[in-house]
Amino acid sequence: MPESPTKVVLIVTVGRTDIQVLAKSAEDSPLHYPVPVGRDHQKYFNEQLQNNFSSSHSPPLESKGFEVLTNLKPSDMERYLEEFQQIDDRYINEDNKPSSLFFKFDECNELRLMGRLGKQFESQLCKPIQLIPAKLFPIIRQLKLKQKKIDTAIVFNTSRDKQNNNRHADAEPYAFGEVIARWLAHELQLEFASPDSRPELQPDNKAFFCNYLTGNMNAEGEEADYPVSRAGMERIDYILETVTQYYKKQKLSVEAFYSPGGGIPAFKPQVEAACRFYFDQVDHWITPDNESEFELKNDWQDAQRYPSPDMSYRARKQALQLIEEGNFEGAAVIAKPFLPAEKVTLADNNWANAVRTTALWFQGGRSLAELNQSLYEASTRIGVKGATAHILYFESEEEMPNTLWAAFKVEAALRQGNLQDAVRYTCDLRDIALYDLLGKKLAEGSFDTFHNSPDECSFNPIPLNEALTTLSEQLNVLSKDSDKEKQEASVYKPYTCSQLIKASQGRFKLETGTSYSFSKQSKKEFKGLTGGAPKDPKFNDRPILLDASALSDAGSIEAMFTHPLNCYEYALKAYSEKNKPKARDYRNIITHGYLSPKKSEDIEAHFTAETVGLWSAPNSETNTNSDSDSKMRFLNQKLVSDLYKRLDSNNELADLYNKLTNTLKEILTHSPICDAALVPPPEQSAKPTSE
């Protein structure tokens, strides 16, 4: 049979009750039942085990009056388990819990059964004394029934000693780790590996144990060592990492089967978390509440199938923080384990889908319609009142300016400190807005014209009005061009649609790009209007031809000077300091070279400078509950806000961004844990509504 590409590692944590003594009832038809050794007698019991099952014996499973049940077939194990269950059903109840039945050593160092049920067992104490790894017994039966091959078995134990004055030493099951590891090796047909071999671990076909607490170590401490000792956890981590890396170097998948039945409770979730980190899949053994640990039902559970509520709480908390910082992609990674519908609860899948869809929309991987549907369904399922079917008030890409998406990218990048994306999209925004203006004016208000194939592109001709002709005459006054022929060609000749754009097989190119310099008088006028101007300011006629609202004051030159697209262009060309790079220079620098810390400081200083004004300075406020607008670094800037208003006069960019992020936060915050708390979403409305 070819070797499986997947390796399975059995991971066991053990405690004081993991090795128990097998007793028989004193009835006519005796029933077997495992009984633990009392806490106060653990020290002597472990001494006996260590002396009798020393490393010199191979295997040390039968020696000097002790034996560990071995070589049992599943049918034999099933018989024992059925007997165990009968004892549970008959004798263990609310008034008489299992802890009231235990073994202790008498004055002759003989095991004697104690507790309220002791008389029914005492005369039938098995001789030689039979030991059973009680909590592992059902697991091994299932492994044998399933014919599940275990490639490595790891037993985590504690071994703190009295010599170091450790208060736990008297009750420490310090011999259990080796006995159970040897028993697993015997039952699973593995080779027992002594602790000395672990630093050079080759775990394939091996069983071994690790004492993660030794000497005078406590299970927990203060500060960083709460809730568990990090030194102890480091030993567990070393073993898990070493085993998984050994197999993964061979290009093998590694699965874990975790049995958290015994051991220190605080370590159990930590070990499971480490397993989830290192292994490709984690299954674990679950004993249902109020049921015997010897139940015959299959308690083998896929730990990946339903991530536990604590995982959901942690993931949602992290996702909230990442969204606040503009890191939608990071939040989507956090949500990934909750996405497969067949492996998680609907409640978790609901919020995870909303987070993932939003991140993909930012990356261009989801349409606006898909974003709308995902957030609307997620909101209504958790009972949000007044949830809107169109999160950004747009129904499709044709209705939404591309400028919005690009501006959101800048804001998100700035919040997470991603200066490279922030610089690129800040500089690209001017061209994106230009084409949005073109689409709005020439393509019946569609902002998706340039997303279509060439054959689908269509523009409506624009009849040039009298205001444009008048404006062209005024422009001639400002032009420095003394060549009369050029003046007549570029200024006096009335513009037509064919001059504005050139069509060739459905592709469109802007033909007009005439730049006009300011006269001295106009420079003064411009400075008075804007509070500052570049050294040699120019404006472009494209926005004037594309945006009739700039001509509300017919033929107003001031309207041209202060057109938002021109103002944004001025900011891109403005100096913050003499002989320092401008915005587009920085874009070229980061595109072709390394962004050093010094360059990052220079970029922040330039883009936030008063003479540039593209970004606001970073807010030092770290409280995630502070005012959302106070965190805005780009969307609230006047240059950006004014430009966007020429495309969408009904909404503010900052408000739209807050609506998107606040909706996500509401979904994450109010998501239920139980599917029964969800409500079905109503039918989506046909048209968007603006608040």
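Residues numbered from 1 in each chain as written. Predicted model: local features only at pLDDT ≥ 70, side-chain atom pairs only at ≥ 80, totals over all residues. Heavy atoms only, no water.

Colleague: Describe in detail the confidence of the model for the chain, supporting the description with residues and values.
Modeller: Across the chain, the average pLDDT comes to 76, with 68% of residues at or above 70. The model gives residues 56-60 a pLDDT under 50, and that stretch makes seven contacts with residues more than four places away or in other chains. Across residues 288-292, where pLDDT falls below 50, the model places six contacts with residues more than four positions away in sequence or in other chains. (pLDDT = per-residue confidence, 0-100. Contact = heavy atoms within 4.5 Å.)

Colleague: So what's going on with the pairing of strand β1 (residues 6-13)? Which residues, and what values?
Modeller: Burial runs high along β1: seven of the eight residues are buried. Relative to strand β9 (residues 152-160), β1 is paired through five bridges, and the arrangement is parallel. Opposite L10, over in β9, you have A153 as the bridge partner. (Buried < 20%, exposed > 50% of the residue type's maximum accessible area, 1.4 Å probe, protein only. Helix = DSSP H or I, 4+ residues; strand = E, 2+ residues; numbered from the N terminus. Pairing = 2+ DSSP bridges.)

Colleague: Describe the packing of helix α19 (residues 564-573) against helix α23 (residues 638-645), with residues and values.
Modeller: One can describe the packing of α19 onto α23 by two numbers: an axis separation of 8 Å at closest approach and a directional angle of 150°. With respect to α23, the axis of α19 lies roughly antiparallel. Classified by chirality, the crossing of α23 by α19 is left-handed. In this structure, α19 uses P564, L565, C567, Y568 and A571 to contact α23, whose residues at the interface are L639, V640, D642 and L643. Along the lines of polarity and charge, the residues of the contact of α19 with α23 split into eight nonpolar, no polar and one charged. (Axes fitted to C-alpha atoms, helices over the stretch in contact; angles between N-to-C directions. Parallel < 35°, antiparallel > 145°, perpendicular 65-115°, else oblique. Left-handed = near helix turned anticlockwise from the far one by under 90°. Nonpolar A, V, L, I, M, F, W, Y, C, P; charged D, E, K, R; others polar.)

Colleague: Report on the side chain of E187, specifying residues and quantitative values.
Modeller: Within the secondary structure, E187 sits in helix α4 (residues 176-187). Of note is the side chain of E187, whose polar atom sits 3.3 Å from the side chain of H186. (Polar contact = N/O pair within 3.5 Å; in protein donor to acceptor, adjacent residues only side chain to side chain.)

Colleague: Residues and numbers for the nonpolar core, please.
Modeller: Counting residues in each nonpolar core, the largest one holds 82 residues, and the members touching the most others are W361, L392, L404, F408, L614, W615 and F634. Among the elements that take part in this core, helix α12 (residues 419-442) stands out by supplying nine residues, more than any other. Dropping the residues within four chain positions of it, F634 is found in contact with A407, V410, E411, L414, T426, L429, Y568, L614, W615 and V640. Formed by 52 residues, the second largest nonpolar core is a distinct cluster that contains L10, V35, L190 and F192. (Core = buried A, V, L, I, M, F, W, Y, C linked by side-chain atoms within 4.5 Å.)

Colleague: So, unusual backbone geometry: which residues are in play, and what are the values?
Modeller: A cis geometry characterises the amide bond from Y226 onward to P227, with omega recorded as 10°. Residue position: P227 is located in the loop between β11 (206-215) and α5 (230-248). Of note in the backbone geometry, E223 takes a positive phi value of approximately 50° without being a glycine. As for its placement among the helices and strands, E223 is situated in the loop between β11 and α5. E223 sits in the exposed class, given a relative accessible area of 74%. At Y393, a position not held by glycine, the phi torsion is positive, near 70°.

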